[in-house]
Amino acid sequence: MAKTHQVLTAPAPGTVVPVREYDDDQKAKLHALQEYADTLLLPESDPYHPWERRWLTKSDTIPRYMRAAKWDLEDAKKRLKNTVEWRRDFKPDLIPPDEVRIESETGKIILNGFDKDGRPLLYLRPGRENTETSPRQLRHLVWCLERAKDFMPPGQDSLVIIVDYKSTTLRTNPSISVARKVLNILQNHYVETLGRALVVNLPMLLNFFYKGISPFLDPVTRDKMRFNPDLFELIPKEQLDADFGGDFEYEFEPNSYWEQIVSYCKVAPDGTRLTDDVPSAQAPASNDAPVSTDAPASTDTPTAADTPTDPPVHATAPPVESLQDQDAIE
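Residues numbered from 1 in each chain as written. Predicted model: local features only at pLDDT ≥ 70, side-chain atom pairs only at ≥ 80, totals over all residues. Heavy atoms only, no water.

Draft legend 1. Region of the structure containing unusual backbone geometry. In this model, Lys70 sits at a positive phi of 55°, which is unusual for a non-glycine residue. Counting through the fold element by element, Lys70 comes out in the loop between helix H3 (61-68) and helix H4 (73-90). Taking relative accessible area as the criterion, Lys70 reaches 63% and is therefore assigned exposed. One non-glycine residue with positive phi stands out, namely Asn228, at about 50°. Relative to the helices and strands, Asn228 is located in the loop between strand E6 (225-227) and helix H10 (254-264). (Helix = DSSP H or I, 4+ residues; strand = E, 2+ residues; numbered from the N terminus. Buried < 20%, exposed > 50% of the residue type's maximum accessible area, 1.4 Å probe, protein only.)

Draft legend 2. Focus on the packing of helix H6 (residues 135-151) against H10. Where H6 meets H10, the closest approach of the two axes is 10 Å, and the angle between their N-to-C directions is 55°. What the angle tells us is that H6 and H10 run oblique. The hand of the H6/H10 crossing is left-handed. For the pair H6 and H10, contact is made by His140, Trp143, Arg147, Asp150 and Phe151 and by Trp258, Ile261, Val262 and Tyr264, respectively. Residue composition of the contact of H6 with H10, grouped by class: six nonpolar, one polar and two charged. (Axes fitted to C-alpha atoms, helices over the stretch in contact; angles between N-to-C directions. Parallel < 35°, antiparallel > 145°, perpendicular 65-115°, else oblique. Left-handed = near helix turned anticlockwise from the far one by under 90°. Contact = heavy atoms within 4.5 Å. Nonpolar A, V, L, I, M, F, W, Y, C, P; charged D, E, K, R; others polar.)

Draft legend 3. Structural context of the confidence of the model for the protein chain. Here the protein chain shows a mean pLDDT of 83. Residues at 70 or above account for 77%. Low pLDDT, under 50, characterises residues 294-302; the predicted model gives this stretch 12 contacts beyond four residues in sequence or across chains. Low pLDDT (under 50) marks residues 305-330, which in the prediction has 61 contacts with non-local residues, meaning those over four places away or in another chain. (pLDDT = per-residue confidence, 0-100.)

Set out below in structure tokens:
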């Protein structure tokens, strides 16, 4: 493939997203959790109400929390309530792009491509760290997680994180304290969102880092981690970055990358989204037919450049409070 600045925004043609099916008992618990979620919803007079409703009524939210709780309804309620409270404080769906843009300038986190199950690929390269430790780094990571959810094709609710330690040093590697904060967010507030965590090029020098964070990894997250796996078994060559042996010769350019992601995901300057992206209440979908990502009119792999670039119409949203203390997110 020729070298390109274009971001891949759809899985390879022919990709079929695996389907989850639920039995009658599970459907009843999903319904019960949705009814509970309705009782948590902020009043309509609250400026954050439409964004909270948007998240609570997404088709994947209730099933993810039910699966994370292993179908224990009371545990699922506690988990859901915990995340609702966190989202009201952190407002992950309303982070203004310019607030975190500086964190993207070196390509230390890049959203680009999909695995064989249609999961978006989120590349983390600690060796490209360009800023000092701060709450903004965590907000940038969360902003990227939200964009990865925007990239998910219908029926898919998880992503793949590829951590590349090439050129990483003790100075650029995140501290165990920061890693704990990241794990807290990922494991508690993006439950069942991590499909796989693939760690490559890990030097012996940094083995202590994973020993240090191991006590904070829940068993589900630990089971999803693979060290130096065969990436070709998991990701189509045409979707895998050439840095890892794939055929996709993506060349990172910060302005082009950022503008493509913001445009494709229709994120307004103040962090809001399209007004028609705030849905009415609905029950979570289940037992859907298999979802194929084939494009009927073209066999080309879509890129961000293929999407409309008209500025989105957006609603007014409350300002996002800055975090004065890193521990505030724990």
